[in-house]
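Residue-level structure breakdown
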Amino acid sequence: MHALRRLFACAALALGAGAVGAQPALKMMIPANPGGGWDQTGRNLAAAMQSGKLVSGVQFDNKGGAAGTIGLAQFVNSAKGDPNAVMIGGMVMVGGIILNKSPVNLSQVTPIARLTSEWEVIVVPANSPHKTLADLLKAFKENPGKVSWGGGSAGGTDHILIGLIAKEVGVEPAKINYVPFKGGGEAIAAILGGHVTAGVSGLGEFAEQIKAGKMRALAQSGPHKEQNIPSLKEQKINVELGNWRGIFGAPGLTAQQRDALVKLVKSATETPAWKQTLEKLDWTPVFLGGDDYKKFLDEDTKRIQTIMDSLGLKK
């Protein structure tokens, strides 16, 4: 009996030390309400990890608000040094940190990998009087305050896109009537209910409603036509913007712990399940791991800071 106990103890120690076949159980912070892009990213990545038998399980914690900075603060405070804690984030959070003058920022967590990029789409409900982008922008120029734009958090990708379009068509960015929503589900309900004039989000978030004919897509922010939706550039609006999403580890990880997470995430992105997700949601894979991701983050933070300054989006 004692020998058997010793055997189990040794096996447990071997697993704890990361023996072959050891599968961690991950704790995943999704700093947004269910239904949006970060939620889709986190849950689909977790499903890919489980389909590839890379983890034994994933526990989710959705904590929406303030462009992800509420969830970020909780993650920074509660996950320190935990090699099995991860958080989803992206370009929206970079803007939110600047806009909300957040006391916590992405330099306090461990960059693991950039995962995807997604073009933004501008939609109106199917019964909208605005049949084309030109119709919508004509109304916007005539009376900016009367045209309300529903999107994600203030200062996020959706907001930045409308700011760039405003600059391009000669509307003062401060006059934009922007209505932020905490999650994709809320935004979809508001657009379909006619509570906002137009909606802005990633192509994947509105894909089902567009295909079902409940929303009409007027333009997207890629360089060329995507899914039969003309780009802004093709409609003489010189704006292009991609929304990237990625994953972070806890504060205070060792290089070895970080590299193990990079390897885990890289393996998940090579599974058939993840490839199907990319295809289904029209996400572009832009994997960048570890130090390369950190360098990209530093550069992108500076870029977004410049855009937000020029748009007068800072408080």
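The model shown is predicted, which means the values in this text are computed figures rather than measured ones. (Residues numbered from 1 in each chain as written. Predicted model: local features only at pLDDT ≥ 70, side-chain atom pairs only at ≥ 80, totals over all residues. Heavy atoms only, no water.)

The next point concerns the overall build of the protein. Secondary structure assignment for the protein yields 11 helices and 10 strands. For the protein, the C-alpha radius of gyration of 21 Å lies close to 20 Å, the compact-globule estimate for 315 residues. Projected onto its principal axes, the C-alpha positions of the protein cover 80 × 40 × 30 Å. Summarising the internal contacts of the protein: among those between residues at least 6 apart in sequence, 79% fall at separations of at least 24. With 34 positive and 26 negative side-chain charges, the protein shows a spacing of 4 Å between the two charge centroids. (Helix = DSSP H or I, 4+ residues; strand = E, 2+ residues; numbered from the N terminus. Rg over C-alpha atoms; globule rule 2.2 N^0.38 Å. Contact = heavy atoms within 4.5 Å. Lys, Arg positive; Asp, Glu negative; His and termini not counted. Charge placed at Lys NZ, Arg CZ, Asp CG, Glu CD.)

Given 3.6 residues per helical turn, the α-helix brings residues three or four places apart onto the same face. Turning to helix 10 (residues 272-281), its buried residues number three or more, namely Trp274, Thr277, Leu278 and Leu281. Buried positions in helix 10, seen along its axis, are confined to an arc of 100 degrees and lie on one side of it. In this structure, helix 10 carries Pro272, Gln276, Glu279 and Lys280 as exposed residues pointing more than 90 degrees from its buried face. Residues of helix 10 that are buried in the fold lie against helix 2 (37-51), strand 4 (110-125), helix 8 (203-211), helix 9 (255-269) and strand 10 (284-289). Looking one or two residues beyond helix 10, the residue adopting positive phi is Asp282, at roughly 55 degrees. (Buried < 20%, exposed > 50% of the residue type's maximum accessible area, 1.4 Å probe, protein only. Arc of directions from axis to C-beta.)

Leu72, Leu106, Phe140, Trp149, Ile165, Leu232 and Ile247 are the most contacted members of the largest nonpolar core, which has 80 residues in total. Other than its neighbours up to four places away in sequence, Trp149 contacts Ile122, Leu136, Leu137, Phe140, Ile162, Ile176, Asn177, Tyr178, Val179, Ala198 and Val200. With 13 residues, the next largest nonpolar core counts Val121, Ile191, Leu203 and Ile229 among its residues. (Core = buried A, V, L, I, M, F, W, Y, C linked by side-chain atoms within 4.5 Å.)

Before going further, it helps to examine the packing of aromatic side chains. The final tally for this structure, using the stated rule, is 5 aromatic pairs. Relative to Tyr293, the ring of Trp244 lies with its centre 6.1 Å away and its plane at 90 degrees, an arrangement referred to as edge-to-face. In this pair, Trp244 is assigned in strand 9 (residues 242-249) and Tyr293 in helix 11 (residues 290-311), connecting sequence segments 49 residues apart. Summarising the burial analysis for this pair, Trp244 and Tyr293 share the class buried. Classification of Trp244 by relative accessible area gives buried; the value is 3%. Aromatic ring contacts, followed pair by pair, group Trp244, Phe248, Tyr293 and Phe296 into a single cluster. If you follow Arg114 out to its NZ or CZ, it ends over the ring of Phe296, 4.5 Å from the centre. We note Lys266 situated over the ring of Phe287; from NZ or CZ to the ring centre the distance is 5.0 Å. (Phe/Tyr/Trp six-rings, centres within 6.5 Å; stacked < 30°, edge-to-face > 60°. Lys NZ or Arg CZ within 6 Å of the ring centre and 35° of its normal.)

Counting all residues, the mean pLDDT for the protein is 90, and 92% of those residues have values of 70 or more. Within the model, pLDDT remains below 50 along residues 4-21, and this stretch shows 2 contacts once partners closer than five positions in the same chain are excluded. (pLDDT = per-residue confidence, 0-100.)

This part is about the pattern of salt bridges. Here the structure, examined in full by the defined rule, presents 12 salt bridges. As a salt-bridge pair, Arg258 and Asp259 come within 3.1 Å of each other at their nearest N and O atoms. When its relative accessible area of 18% is taken as the criterion, Arg258 is described as buried. The exposure class of Asp259 is partly exposed, given its relative accessible area of 39%. Measuring nitrogen to oxygen at the nearest pair gives 3.1 Å for the salt bridge that ties Lys266 to Glu270. Looking at Glu270, the relative accessible area reads 45%, which means it is partly exposed. Through salt bridges that share partners, Glu118, Glu205 and Arg245 make up one connected network. (Salt bridge = Lys/Arg side-chain N within 4 Å of Asp/Glu carboxyl O.)

Bringing the side chain of Thr271 into the picture now. Along the chain, Thr271 falls in the loop between helix 9 and helix 10. Judged by relative accessible area, which is 9%, Thr271 ranks as buried. At 2.7 Å, the side chain of Thr271 forms a polar contact with the backbone oxygen of Ala268. Every residue in contact with Thr271, bar those within four places of it in the chain, is listed here: Ala48, Ser51 and Gly52. (Polar contact = N/O pair within 3.5 Å; in protein donor to acceptor, adjacent residues only side chain to side chain.)

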